[in-house]
Amino acid sequence: MPVGSDLAARRRAPDVIRHGIVLLAIVVALASVPVGDVPLAADAGQRMAITIDDLPWNGATAPGESVAQATRRLLATLTTRGVPAAGFVNCARTGPNDPVLLSWREAGMELGNHGAHHLNIDGVDLSAWVKDVRECHDMLTMALGRPDRLFRFPYLHQGATESRRATALAALRDMGYTTAHVSIDDSEWILAEAYGRALRRGDSDRQDAIATAYVEHMAAALAHFTAVADSTVGRDMPHILLLHANALAADHLGRVLDDFRARGVVFVSPADALTDPIYHEPDRYVGPRGLSWLYRIDPEGTRTARPTVRAPTRLDRRARR
Ligand SMILES: [Zn+2]
């Protein structure tokens, strides 16, 4: 089975659940979060790094548009605004001479390892998982001369037991990787799936509605995790935002970035953000969930410091990233 189909199949939820989740995501984005009241980021200088997973591409492109063309639009959205980013590659879906990867590099973006086949560390034999990461490492080395040594765990799953987690981290260290943690988790991929379906149907009204929900959902995610950081970290810290390479981003990420800037966000590179000591604290969460790093360093926070804005992560426990 082609890798893309395999990924798509694993991502597929029953239709009823899928559509229900999409509607719920939009409802939450639009209704439960008073976006007009979302506070501006602290001191008009909230640092944020953009990370984009599942390269070369996740889901649909606009009719008649190739992945390479869509990638160029996505990258232009970033470069025209001077926004640095890192892309995380599923290497089995691409190759060392893929112009899509080269265009990321030419745009000055970092490129990291997201596993060759996007394996869930808790769903396969651990040695198979490590082999898959090494396969991606070898491909990136061939493609780029050197990978940027950033690794993003598929699904944000880092190993459900202490021994799995420790073995995985030791293997990543051997390959020279730093874990590219996510502080701002979100459900953008749910909106992106709905957007892809609207693109295929040519339903522009639906596309517009989803784009608006996208901007508001991302503002809600920023507000949510800014509040979590205030309560668990208690100082200014650079956030790292999770996004995916998809048509929703190609078409509308610019609106999100402009909205963030209007809220006082200052964009920094993921590598710079990861130098903050917060990303080198011990991982205190042991379990199967894919979580923001802010919850991993303070698992109690998921119970005792629940912010007022509903967590976007509540929507996607069963889902992928
Ligand atoms: Zn992913």
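This text follows the structure it describes.
These lines cover the structure that appears in this document, whether it is placed above or below. (Residues numbered from 1 in each chain as written. Predicted model: local features only at pLDDT ≥ 70, side-chain atom pairs only at ≥ 80, totals over all residues.)

**Digging into the overall build of the chain**
Note the threshold: Helix numbering and strand numbering both begin at the N terminus, where a helix is a DSSP run of H or I of at least 4 residues and a strand a DSSP run of E of at least 2. Every C-beta atom is placed from the backbone, and the number of other C-beta atoms within 10 Å of a residue's own sets its class: buried at 20 or more, exposed at 12 or fewer, partly exposed in between. This entry defines residue contacts through backbone-placed C-beta atoms, with two residues in contact when those atoms are within 7 Å.
Summing up its helical and strand segments, the chain has twelve helices and seven strands in all. For the chain, the residues scored as buried account for 49% of the 321 residues in total. Across the chain, contacts joining residues at least 24 apart in sequence account for 85% of those joining residues at least 6 apart.

**Some details on unusual backbone geometry**
The linkage connecting Leu 55 with the following residue, Pro 56, adopts the cis geometry, with an omega of 10 degrees. Checked against the element boundaries, Pro 56 lands in the loop between β1 (46-55) and α3 (67-79). Positioned with a positive phi, His 118 is a non-glycine residue whose angle comes to about 55 degrees. One can find His 118 in the loop between β3 (110-113) and α5 (126-144). In the Ramachandran plot, Leu 156 falls in the positive-phi region, its phi being about 60 degrees despite a non-glycine side chain. Mapped onto the elements of the fold, Leu 156 is located in the loop between β4 (150-151) and α6 (162-174). A count of 20 C-beta atoms within 10 Å places Leu 156 in the buried class.

**Focus: the pairing of β1**
Every other side chain in a regular strand lies on the same face of the sheet, so the side chains alternate between the two faces. Under the convention used in this document: Strands qualify as paired when DSSP identifies two bridges or more between them.
Taking burial as the measure, the ten residues of β1 include nine buried ones, the bulk of the element. Two strands pair when backbone bridges link them, and β1 and strand β7 (residues 265-268) are joined in this way by four bridges, in the parallel orientation. In the sheet register, Met 48 faces β7, and the bridge partner there is Phe 267. Bridge count between β1 and strand β6 (residues 239-244): six bridges; the pairing is parallel. Considered in β6, the bridge of Thr 51 is made with Leu 242. In terms of strand pairing, β1 meets strand β2 (residues 85-89) through four bridges, oriented parallel. Counterpart to Ile 50 in the pairing with β2 is Ala 85.

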